[in-house]
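Structure at a glance
Residues per chain are reported as follows:
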Amino acid sequence: MKGAMQPRPFMVPGPGGPMPPPQQFGLVETRPPLAAVLRPRFNIPGLHPSAAAAAAASGAGKIASTYDLVEPMRFLYVNVVKARDLPVSATGAIDPFVQVKLGNFTGTTSVKAAAHSPSWQQVFAFSASHLQAHLLEVFVRAKDLGGDDFVGRVAFDLAEVPVRVPPDSPLAPQWYRLEGRRGEKLPHGEIMLSVWLGTQADEAFPDAWHSDAHAAAGPAAVASTRAKVYFSPRLVYLRVAAMGAQDLIPHDTSRPMSACVKLQLAGQVRRTRPGAPPGAPNPIWNEEFMFVVSEPFDEPIVITVEDRVAPGRDEMLGRIVLPLQAAMPRHDHFGKPVEPRWYNLMRPSDDPDKKEMKFASKIQIRMSLDFGYHVLDESTYYSSDLQPSSKPARKPSIGMLELGVLGARNLIPMPKDGRTTDAYCVAKYGPKWVRTRTILDTLNPQWNEQYTWEVFDPCTVITVVVFDNGQIGSKNGAGPDQRIGKVRIRLSTLETDRVYTHFYPLLVLHPSGLKKTGELHLAVRFTCTAWVNMMALYGRPLLPKMHYTQPIPVMQLDYLRHQAMQIVAARLSRAEPPLRREVVEYMLDVDSHMFSLRRSKANFYRITSLFYGFLAMLKWYEGIRSWRNPITTMLVHMLFLILICYPELILPTFFLYMFMIGLWNYRYRPRHPSHMDTKLSHAEMTHPDELDEEFDMFPTSRPADIVRMRYDRLRSVGGRVQTVVGDLATQGERAHALLSWRDPRATAIFIFLSLVVAIVLYVTPFQVLMVITMLYLLRHPRFRSRMPSVPFNFYRRLPAKSDMLL
């Protein structure tokens, strides 16, 4: 048609031009060579072919049982233990250190001041893929004011290095006599070493100095490149109820007292309303609050009774500091109720020269540590842990989850001084967090690290995120770790004992639009060890019982979740190396509760998509009524008549139909794990101003004109929402008006018709009525009118409460 708009390519503006088409945001299935087919890959320079064959024959089977989801990577390990009988310098003391040199890579230990028998206990790992030398040299040097002095050395031919594959025991270190520059044995000085060829399955791998990290600046930066395992602290809900107080003495007796209770636990502060009756010396509050605490329970709770003198000004009437050990532990809701206790309130003396506290009054407090809850630090939609805090109440394990972080490709360069990207992965499932080593200065890192978790519920989600290490290449290592992308995998969507190997798209939403930052290569396997227990879990509550017997209000639950995330982030940031706060907050989606017009649209369309099935049934019914296919319509008539004559076949036919649909859909079942869907998220065609609003801080930092424009837009969206909600409410009120006599004539007509229908149903067989009704509804279109039906017109005329609104 002339003048019609032609469809445009589905492109999204980005900072560097249009984004790729949406089909590039999907999963890519791979078939990487895993341990089962990697028997001959021991091609290390200098290693004799016979030794390589023996290593392959001995190691392939062992690594296949433990590290079979990743490709084995060969490393040359050098364990520098200690030295003894080192020679004495002219000053009488030396500061020894060790240099391990292999080709272009050199690793250095710390300097031991004035030590003739130093101990280092340090392991160096040299990647076999980067080696081009045949000789390993270990130098012992002494640090002095003039530079590095040569003390001695030990050399190893790589052809003579033994191969060690776990679960073999660690290789025993040996003493080696130091040699001079020309290879002669020195009269003094020995060093204890162990040198072997291993894989990333070696227990020395996480703490080793890696040749891949040789360019990292400073010891702290090197430590941040290592692979580590972290555990979240054990979180518990603390329930505190302020009941009442006795004999409070105000500072000023000339005015009525307005006493309230302030409860503070670390950074969590809660306040009660003023006690009742107002101004009484024995106020009653009866208010209960919940806090999040973590083991060990070191932080006490500070309870302060304050008198509200003026807005923003309070005077302390008394205070008490209670350790959390004073709270009664509760592991379920069947135990005896927690009894309140009276505590003495203390306050400073009126004399400023005296620092002692004096007795003020008494306060009644009820405290309990509720171990029966699961403390939510993640969103319930993609939680990885549903176990209660009480260890005896936890469910037994039903299987194992194995994750192989193989590598990534096509990562975007991060803005650094002369560097590309220093990428590492963080994975969280349950309380266990894992962090891979950092691969420096590459856009296609290869980690090949495998981790394992116990599974207690299949309806849980594992989260894997790729970050850029901000401590590498930044000033003083103070740069933040920048997010590259996130992957979530729900275990219940995985087939058991099947290995899924895919490239997952890494997607990040920026104020400039959606950006694909690379692809993450993962291998996932869910193994079930208790099929009966796993199937029984589908009939049990998702959360522990106390969430249902004593539910926590939704608003309070959001506050507690925020506090739990803060505690987890603070605890993990104190580890060595730290799992930084921005990493933990992104993993736990700390800002998921913030308003986003994009998310609102996505959720709205998710709701509307649920009605597509009903719309499809209505279209099918309309096609039957319009006799578009007379054969199909006649078959429906015959099926309907059979079911009317034999009503006992209605339910069996319905469930048989559901069974047949399930079997038919089996051939179309999903073959891949779920991944971030850009269309479902409405992230591809989002307006730039909506993205700017989503990434705006709270409270807003935008100018008044932009805030006014966004407010007007929100009002227009809210107007459409309230119109839809009002229409739904109107339909319900019309149904209520049938018998409420709001319209006396309509109600009289309805109840009279109800009496007539009751008499007809009583004297007429049910099958006859159903046949007449169905034949009337399925009559040919030539016998039907285009005007609305009488029942529809009658219902539309019923009154609603919309005319009573202001």
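First, a word on scope: everything that follows refers to the structure included in this document. The shown structure was predicted, so the numbers you read here are calculated from the model rather than taken from an experiment. (Residues numbered from 1 in each chain as written. Predicted model: local features only at pLDDT ≥ 70, side-chain atom pairs only at ≥ 80, totals over all residues. Heavy atoms only, no water.)

A short note on empty space enclosed by the protein
Take a probe with the size of a water molecule and roll it over the atoms, and the empty space left behind shows itself. Using the criterion set out here, one finds three cavities of 30 Å³ or more in the structure. Each pocket or cavity is described by its volume, and for the second largest cavity that value is around 40 Å³. Considering the residues around the second largest cavity, the lining is formed by Glu378, Ser379, Tyr382, Thr463, Met587, Leu588 and Asp589. Grouping the constituent residues of the lining of the second largest cavity by class yields three nonpolar, two polar and two charged. (1 Å grid on protein atoms, 1.4 Å probe; cavity = no way out; pocket = protein on both sides within 12 Å on 5 of 7 lines; lining within 4 Å. Points joined across faces, edges and corners; volume = space filled by probe spheres on them. Nonpolar A, V, L, I, M, F, W, Y, C, P; charged D, E, K, R; others polar.)

Focus: the sheet that holds strand β25 (residues 432-435)
The strand order β13-β25-β24-β27-β28 describes an open sheet built from five strands, whose pairing is antiparallel. Whereas interior strands pair on both sides, the edge strands pair on one side only; in this sheet they are β13 (228-231) and β28 (482-490). Within this sheet the neighbouring strands show an average axis-to-axis angle of 20°, counted without direction. The pairing of β13 with β25 spans four bridges and is classified as antiparallel. When the bridges of β25 are listed, Tyr230 appears paired with Trp433. (Pairing = 2+ DSSP bridges. Helix = DSSP H or I, 4+ residues; strand = E, 2+ residues; numbered from the N terminus. Axes fitted to C-alpha atoms, helices over the stretch in contact; angles between N-to-C directions.)

Some points on the packing of aromatic side chains
Summed over all chains, the structure comprises 12 aromatic pairs. Put simply, the rings of Phe75, Tyr77, Trp196 and Phe205 touch in pairs and so form one group of aromatic residues. A cation over a ring is seen here: Arg141 above Phe139, with NZ or CZ 5.0 Å from the ring centre. When the ring centre of Tyr382 is taken as reference, the NZ or CZ atom of Arg488 above it lies at 3.8 Å. (Phe/Tyr/Trp six-rings, centres within 6.5 Å; stacked < 30°, edge-to-face > 60°. Lys NZ or Arg CZ within 6 Å of the ring centre and 35° of its normal.)

Examining the sheet that holds strand β23 (residues 399-409)
Strand order in the open sheet formed by five strands is β3-β29-β30-β23-β26, with antiparallel pairing between adjacent strands. Strands with a single pairing partner mark the edges of an open sheet, and in this sheet they are β3 (28-29) and β26 (446-455). Bridge count for β23 against β26 is eight bridges, and the pairing is antiparallel. Across the sheet, the residue bridging to Glu402 is Thr452, located in β26.

Overview of the nonpolar core
By size, the foremost hydrophobic cluster in this structure holds 36 residues, and its most contacted members are Leu403, Trp447, Trp453, Ile462, Leu520 and Leu522. Those elements that provide at least two residues to this core are β23, β24 (423-429), β26, β27 (461-468), β28, β29 (499-510), β30 (513-528) and α3 (531-537). In terms of residue count, the dominant contributor to this core is β30 (five residues). Beyond its immediate chain neighbours, meaning those up to four positions away, Leu403 contacts Leu69, Ala427, Glu449, Gln450, Tyr451, Trp453, Ile462, Val464, Leu522, Ala523 and Val524. (Core = buried A, V, L, I, M, F, W, Y, C linked by side-chain atoms within 4.5 Å. Buried < 20%, exposed > 50% of the residue type's maximum accessible area, 1.4 Å probe, protein only. Contact = heavy atoms within 4.5 Å.)

A word on the pattern of salt bridges
Opposite charge on two side chains lets them pair, provided their charged atoms get close. Summed over the entire model, instances satisfying the criterion amount to 29 salt bridges. Where Arg488 meets Asp589, a salt bridge forms, and the shortest distance between an N and an O atom there is 2.8 Å. Taken together, the residues Arg488 in strand β28 and Asp589 in the loop between α6 (581-587) and α7 (597-610) connect sequence positions 101 residues apart. Side by side, Arg488 and Asp589 carry an identical accessibility label, which is buried. Through salt bridges with shared partners, a single network forms among Arg239, Glu288, Arg330, Arg366 and Asp370. (Salt bridge = Lys/Arg side-chain N within 4 Å of Asp/Glu carboxyl O.)

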